[in-house]
Amino acid sequence: MKSKNNMTGPLFLGMIFFLGCAEEAEKEDAVCGGNGELHGNHCHCDSGYSLSADGSTCEPSDDDNEVDYGGDFYFEPTEINASTQTGGNGQMWLLHAIEGDVHLKIEIYESFGGISSPGELIIDQVDTDYASCGTCLLVQTGCVEHGDHYDCDRNFMPSEGGVVRIDEIGSSAGDTLSGELLGVIFQEVSIGPNYQTQPVDGAEEIALAPWTFDAVLEGS
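The rules behind these values
Residues numbered from 1 in each chain as written. Predicted model: local features only at pLDDT ≥ 70, side-chain atom pairs only at ≥ 80, totals over all residues. Heavy atoms only, no water. Phe/Tyr/Trp six-rings, centres within 6.5 Å; stacked < 30°, edge-to-face > 60°. Helix = DSSP H or I, 4+ residues; strand = E, 2+ residues; numbered from the N terminus. Disulfide = S-S within 2.5 Å. Buried < 20%, exposed > 50% of the residue type's maximum accessible area, 1.4 Å probe, protein only. Core = buried A, V, L, I, M, F, W, Y, C linked by side-chain atoms within 4.5 Å. Contact = heavy atoms within 4.5 Å. Salt bridge = Lys/Arg side-chain N within 4 Å of Asp/Glu carboxyl O. Pairing = 2+ DSSP bridges.

(A) Summary view of the packing of aromatic side chains. Overall, the coordinates contain five aromatic pairs when judged by the stated rule. Aromatic pair Tyr-109 and Phe-112: ring centres 6.4 Å apart, planes at 70°, arrangement edge-to-face. Centre to centre, the rings of Tyr-130 and Tyr-195 are 5.5 Å apart; their planes meet at 75°, and the pair counts as edge-to-face. Taken together, the residues Tyr-130 in the loop between strand 8 (119-122) and strand 9 (135-141) and Tyr-195 in the loop between strand 15 (185-191) and strand 16 (197-199) connect sequence positions 65 residues apart.

Here it is, written out as structure tokens:
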């Protein structure tokens, strides 16, 4: 006759395994509240969800409690071009918008952890440096066309804290890239030959008013 100890041992071990799996599932659900993906130390939220005040989780969007992002620079481009391409380092998306001698660029690099699906990203320290950003925002002023490129007098990159929201991000020519920049404050920077970025002494700031973009992607 088998003892009770022999009978209950496998059952007990099975319960431990089950509880362990349940705990792992709870941990996975806890990441970004189960409504987004963790990239580095911040969340990329799914569509319909917004980052919490501390940026640690994704919460259902509440139109009645939207933040007033303000901003006194209203960017109204007369020309917008967008493209996508796939290389050895993954997908990348480029958007270039022009208003007079002011250019605004959005460059998203999947291999650097850039936001590559609908959702929201709070700009952190990594995104303020052109050498490390995966979701790169760049404003250039005093731009003059020279052949197939532009020469610009000054470069501005974002400070921490603004929001990049992506509504659509296609992967092929003819698809759409759309979203909005919210509460983004750009500061003047110098960008070195190795793309290392440093704020200029006494840097001027540009507080961008909420800007919506919607462009059809071209191929590379």
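(B) The state of the cysteines, seen in detail. Enumeration over the complete set of coordinates arrives at two disulfides. Across the disulfide, Cys-133 is cross-linked to Cys-136 (sulfur-sulfur distance 1.9 Å). Since a negative S-S torsion denotes a left-handed disulfide, the Cys-133-Cys-136 link at about 100° is right-handed. With a relative accessible area of 2%, Cys-133 lands in the buried category. Paired by a disulfide, Cys-143 and Cys-152 hold their sulfur atoms 2.1 Å apart. Since a negative S-S torsion denotes a left-handed disulfide, the Cys-143-Cys-152 link at about 110° is right-handed. Cys-143 sits in the buried class, given a relative accessible area of 8%.

(C) A look at the nonpolar core. Leu-95, Ile-106, Leu-181 and Trp-211 are the most contacted members of the largest nonpolar core, which totals 28 residues. Listed by contribution, the elements that provide at least two residues to this core are strand 6 (90-99), strand 7 (102-109), strand 9, strand 13 (163-169), strand 14 (176-182) and strand 18 (211-219). Beyond its immediate sequence surroundings of up to four residues, Ile-106 is in contact with Trp-93, Leu-94, Leu-95, Cys-136, Leu-137, Leu-181, Trp-211 and Phe-213. Cys-133, Cys-136, Met-157 and Val-189 belong to the second-largest nonpolar core, a separate cluster that totals five residues.

(D) Inspection of the environment of Gly-142 at higher detail. Along the chain, Gly-142 turns up in the loop between strand 9 and strand 10 (144-146). Separated by 12 residues in sequence, Gly-142 and Arg-154 have C-alpha atoms that sit 6.8 Å apart. When near neighbours in sequence (up to four residues on either side) are disregarded, Gly-142 contacts Asp-101, Asp-151, Cys-152 and Asp-153.

(E) Structural view of the pattern of salt bridges. Taken as a whole and judged by the stated rule, the model has four salt bridges. Close ionic contact of Arg-165 with Asp-167 constitutes a salt bridge, the shortest N to O distance being 2.9 Å. Judged by relative accessible area, which is 22%, Arg-165 ranks as partly exposed. Residue Asp-167 is classed as partly exposed on the basis of its relative accessible area, which comes to 36%. The salt bridge partner of Glu-180 is Arg-165, with a shortest N-O separation of 2.7 Å. In this pair, Glu-180 sits in strand 14 while Arg-165 sits in strand 13, placing the two residues 15 residues apart along the sequence. In this structure, a network of salt bridges that share partners links the residues Arg-154, Glu-188 and Glu-204.

(F) Highlighting the pairing of strand 6. Most of strand 6 sits inside the fold, with seven of its 10 residues counted as buried. Here strand 5 (residues 79-87) hands over to strand 6 after two residues, the two strands then running antiparallel side by side. As consecutive antiparallel partners, strand 6 and strand 7 are separated by two residues, and within that stretch Gly-100 has a phi angle of approximately 60°, a positive value.

(G) Summary view of the pairing of strand 18. Taken together, the three bridges between strand 5 and strand 18 define a ladder with parallel strand orientation. Residue Ser-83 lies in a different strand from strand 18, and its bridge partner there is Glu-218. Strand direction decides the pairing type here: strand 14 and strand 18, joined by six bridges, are antiparallel. Note that in strand 18 the partner of Thr-176 across the bridge is Val-216.

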